[in-house]
Amino acid sequence: MGKRRTAAALLCALLLTGCAGSGAVEADGTAQITEEVKYVALTFDDGPRRATTTRLLDGLKERGAAATFFLVGEEIAGNEDLIRRMAEEGHQVGNHTWSHMRLENASPETVRQEIQRTDEALDAILGPGSYWLRPPYGLLPAKAETLIPVPMVKWSVDPRDWESRDTKKVTDAILKAVKPNSIILLHDIYPTSVDAALQVVDTLQAQGYWFVTVEELLTINGIKPEKGVMYRSGDLPA
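This structure is a prediction, so every number in the text was calculated from the model and none was measured.

Describing unusual backbone geometry
The amide bond that connects Gly47 to the next residue, Pro48, takes the cis arrangement and shows omega of 5 degrees. Its location among the elements puts Pro48 in the loop between β3 (38-45) and α2 (50-63). In this structure, Asp46 is a non-glycine residue whose phi angle is positive, near 85 degrees. Relative to the elements of secondary structure, Asp46 occurs in the loop between β3 and α2. Looking at Asp46, the relative accessible area reads 17%, which means it is buried. Unlike most non-glycine residues, Lys143 shows phi in positive territory, near 65 degrees. Mapped onto the elements of the fold, Lys143 is located in the loop between α4 (108-126) and β6 (152-153).

Next up, the structure:
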């Protein structure tokens, strides 16, 4: 967890000095960070799943990397300890609807229920909070943004890990497309995706990247998240 704590301290320093984009932050009055600091957000959909999510959390903890987990409500029961662990270890916990149904043709009431049921399940485990939403497939009905009481998250890097289920293909696709402020989409229900995620962390950390939550990524870039707005990277809304 050392690197994770250092990342949090660096974030605080950036925010306090107003130098989030400058790459020069006073650390102790004498030393400065002069290298460009690059941030990226790993996000995981469709979990939690006992075996794969546990292994992923172990790997992220070992590497001091943070992630954001968008959870399916139907998968929560029996995995409450994993969700508490996510929050305790500095990850962001979000809402991926109750049943992972496609919402683009759903009624307003169905959209509300799909979100509310998962929020209530998360509230029971973690306490009341703002559980950001990732709609399944990134889709909502037209003008449904007014129904959403929290920020929403899409992605800028999609290696289609669900399709190939091939660790090398997924890893290569991410490393080819990633850049500072990317939001990467993965699914922690596939062993190959967990393997790929940890390989990506190792490779990008060696290149100077820091892995932060989506909320942290937006904050670092001076973005104040707004309810009903979809964000696809640390630079721009969708």
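Text resumes after the structure shown.
Some details on the side chain of Thr53
Note that Thr53 resides in helix α2. Residue contacts for Thr53: discarding those within four places in its chain leaves Pro48, Phe69, Leu82, Met86 and Asp188.

What about the environment of Leu71?
Relative to the elements of secondary structure, Leu71 occurs in strand β4 (residues 67-71). C-alpha separation for the pair Leu71 and Thr118, spaced 47 residues apart in sequence, amounts to 8.1 Å. Not counting residues within four places of it along the chain, the set of residues in contact with Leu71 comprises Gly47, Pro48, Ile83, Met86, Val93, Gly94, Asn95, His96, Thr97, Thr118 and Leu122.

Some details on the pattern of salt bridges
In this structure the tally under the stated criterion is twelve salt bridges. Among the salt bridges present, the one from Arg55 reaches Asp195, with a minimum N-O distance of 2.8 Å. Here the residue Arg55 occupies a position in helix α2, and Asp195 occupies one in helix α7 (residues 191-206), the gap between them amounting to 140 residues. Through salt bridges with shared partners, one network takes in Asp58, Lys61, Arg85 and Glu89.

Comments concerning the packing of α2 against helix α3 (residues 80-88)
Where α2 contacts α3, the axes come no closer than 11 Å and their chain directions differ by 20 degrees. Considering their axes alone, α2 and α3 lie roughly parallel with respect to each other. Pair α2 / α3 crosses with left-handed handedness. Counted together, Arg50, Thr53, Thr54, Leu57, Asp58 and Lys61 of α2 and Asp81, Leu82, Arg85 and Met86 of α3 form the full contact between these two elements. Of the residues in the contact of α2 with α3, the class split is three nonpolar, two polar and five charged.

Remarks on the packing of aromatic side chains
Going through the model one piece at a time under the given rule, you end up with one aromatic pair. Both rings, one in Phe44 and one in Phe69, keep their centres 5.4 Å apart while their planes meet at 25 degrees; by these two values the pair is stacked. Here Phe69 lies in strand β4 and Phe44 lies in strand β3, a separation of 25 residues in the sequence. Across the pair, Phe69 and Phe44 agree in class, each one buried. A cation sits over an aromatic face here: Arg102 above Tyr137, 4.3 Å from the ring centre.

Cut-offs used in this document
- Residues numbered from 1 in each chain as written.
- Predicted model: local features only at pLDDT ≥ 70, side-chain atom pairs only at ≥ 80, totals over all residues.
- Heavy atoms only, no water.
- Helix = DSSP H or I, 4+ residues; strand = E, 2+ residues; numbered from the N terminus.
- Buried < 20%, exposed > 50% of the residue type's maximum accessible area, 1.4 Å probe, protein only.
- Contact = heavy atoms within 4.5 Å.
- Salt bridge = Lys/Arg side-chain N within 4 Å of Asp/Glu carboxyl O.
- Axes fitted to C-alpha atoms, helices over the stretch in contact; angles between N-to-C directions.
- Parallel < 35°, antiparallel > 145°, perpendicular 65-115°, else oblique.
- Left-handed = near helix turned anticlockwise from the far one by under 90°.
- Nonpolar A, V, L, I, M, F, W, Y, C, P; charged D, E, K, R; others polar.
- Phe/Tyr/Trp six-rings, centres within 6.5 Å; stacked < 30°, edge-to-face > 60°.
- Lys NZ or Arg CZ within 6 Å of the ring centre and 35° of its normal.

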